[in-house]
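Coordinate inspection notes
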Amino acid sequence: MDVEEQFRKLYEETYSTIAPMVIARCRQTADAGDILQEVYLELYRILQRRGVNYVKEPEALLKRLVQQKLFRYYRTLARRQEVYASPAEDGTEAETADIHALSVEEMTADREVLDWVNRYLTVKGETVRKIFHLYYRFGMTAPEIAALLGRSEADVKNKLYRTLKEIREHWKGVES
């Protein structure tokens, strides 16, 4: 097995565990993608330097890399004063078959809803954004999110369901 095959295998095995960890620990969810990219780039470099048989415990290695990258992230963040524009998109992609099946009107309406929800979650704060990303993008349960974020399960459910209710009420009012 060559380096690229081993990297892809490790990426597929660990991403669903490592990504929520990064999202929960970084200050802005918009920064999570950059940190994940740095973590997996470092893993690729390790595989190139040490060989494909070097990594015996991939999850443990990646957790250590996450800690290092987050440490560097917070250390450099403290040194610079950064003003964040609206957060970047979360990077999810639709399959091309889905895109071809949608009309222009449907795509415009979907984009409008997603943009509005993204702006709304930004207003609600980073904690709510993290809960939404972990719940809807990674399929984590409320107890798992609560443990990861160091919050009570009731708090996570409250933030999730209250915000969902507010989003539904907004779009019901728009359609009527």
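Residues numbered from 1 in each chain as written. Predicted model: local features only at pLDDT ≥ 70, side-chain atom pairs only at ≥ 80, totals over all residues. Heavy atoms only, no water.

1. Points about the overall build of the protein chain
Quick note on the threshold: A run of H or I in DSSP becomes a helix once it reaches four residues, and a run of E becomes a strand once it reaches two; helices and strands are each numbered from the N terminus. Buried residues are those whose accessible area, probed at 1.4 Å on protein chains only, stays under 20% of the maximum for their type, while exposed residues exceed 50% and partly exposed ones sit between those limits. Note on areas: these come from Shrake-Rupley sampling with a 1.4 Å probe, and a residue is covered only by the protein chains present in the view.
Regarding its fold elements, the protein chain presents 8 helices and 0 strands. Mapped from its N terminus to its C terminus, the protein chain presents α and β elements in the order α-α-α-α-α-α-α-α. Expressed as a percentage of its 176 residues, the buried residues of the protein chain come to 35%. Just so you have it, the protein chain exposes about 11,500 Å², and 50% of that area is on carbon and sulfur atoms.

2. Structural notes on the environment of Ile35
Rule in force here: The criterion used for residue contact is that any of the two residues' heavy atoms lie within 4.5 Å.
With respect to the secondary-structure elements, Ile35 resides in helix 2 (residues 29-50). Taking the C-alpha atoms as reference points, Ile35 and Ala19, 16 residues apart in sequence, are found 9.3 Å from one another. Excluding residues within four positions of it along the chain, Ile35 makes contact with Val22, Cys26, Lys69, Leu70 and Tyr73.

3. As for the pattern of salt bridges
Under the convention used in this document: Definition used for salt bridges: Asp or Glu carboxyl oxygen within 4 Å of a side-chain nitrogen of Lys or Arg.
Under the definition given, this model contains 11 salt bridges. Glu4 is the partner of Arg8 in a salt bridge, and the nearest nitrogen-oxygen pair spans 3.5 Å. A residue pair is termed a helical-turn pair when its members lie 3 or 4 positions apart in one helix, as Arg8 and Glu4 do in helix 1 (residues 3-25) at 4 residues. Look at Arg8 and you get partly exposed, because its relative accessible area is 47%. Since its relative accessible area comes to 41%, Glu4 is described here as partly exposed.

4. Some points on the environment of Leu10
Tracing the chain through its elements places Leu10 in helix 1. As a C-alpha pair, Leu10 and Tyr44 span 34 residues in sequence and 9.8 Å in three-dimensional space.

5. Concerning helix 1
In an α-helix, one turn spans 3.6 residues, which is why side chains three or four residues apart end up on the same side. Inclusion rule: Throughout, bend refers to the angle between the axes fitted to the seven residues that end at a position and the seven residues that start at it.
Most pronounced at Thr14, the bend in helix 1 amounts to some 60 degrees. Turning to helix 1, its buried residues are Gln6, Phe7, Leu10, Thr14, Ile18, Ala19, Pro20, Met21, Val22, Ile23 and Ala24.

6. Observations concerning the nonpolar core
Note the cut-off: The nonpolar core is taken to be a set of buried Ala, Val, Leu, Ile, Met, Phe, Trp, Tyr and Cys residues, with the residues joined through side-chain atoms within 4.5 Å.
With 43 residues, the main nonpolar core has Ile18 and Leu43 as its most contacted residues. Within the residue set of this core, elements represented by two or more residues are helix 1, helix 2, helix 3 (58-79), helix 5 (104-124), helix 6 (126-137), helix 7 (142-149) and helix 8 (153-175). Leave out the neighbours within four places in its chain, and Ile18 touches Leu36, Tyr40, Glu59, Leu62, Lys63 and Val66.

7. Here we look at the packing of aromatic side chains
To be explicit about the condition: Side-chain rings of Phe, Tyr and Trp (the six-membered ring for Trp) are treated as a pair once their centres are within 6.5 Å; stacked means planes under 30 degrees apart, edge-to-face means over 60, and tilted covers the remaining angles.
This structure, assessed with the given rule, holds 11 aromatic pairs. Seen in terms of ring centroids, Phe7 and Tyr40 are 6.3 Å apart; in terms of plane orientation they differ by 80 degrees. Their pairing is edge-to-face. Of this pair, Phe7 sits in helix 1 while Tyr40 sits in helix 2; the two residues are 33 residues apart in sequence, bridging distant segments of the chain. Residue Phe7 shares its accessibility class with Tyr40, and that shared class is buried.

8. Comments concerning the packing of helix 1 against helix 2
Selection rule: Only the stretch in contact is used when a helix axis is fitted, and all axes are lines through C-alpha atoms; the angle between N-to-C directions ranges over 0 to 180 degrees. The hand of a helix crossing depends on one turn: near helix anticlockwise from the far one by less than a right angle means left-handed, and clockwise means right-handed. Residue classes follow a fixed rule: Ala, Val, Leu, Ile, Met, Phe, Trp, Tyr, Cys and Pro count as nonpolar, while Asp, Glu, Lys and Arg count as charged, and any other residue, Gly among them, counts as polar.
With their axes 10 Å apart at the nearest point, helix 1 and helix 2 run at an angle of 150 degrees to one another. As helix 1 packs across helix 2, the resulting crossing turns out to be right-handed. Residue-level inspection shows Val3, Glu4, Gln6, Phe7, Leu10, Tyr11, Thr14, Tyr15, Ile18, Ala19, Val22 and Ile23 of helix 1 in contact with helix 2, the latter providing Thr29, Ala32, Ile35, Leu36, Tyr40, Leu43, Tyr44, Leu47 and Gln48. Of the residues belonging to the contact of helix 1 with helix 2, the class tally is 16 nonpolar, 4 polar and 1 charged.

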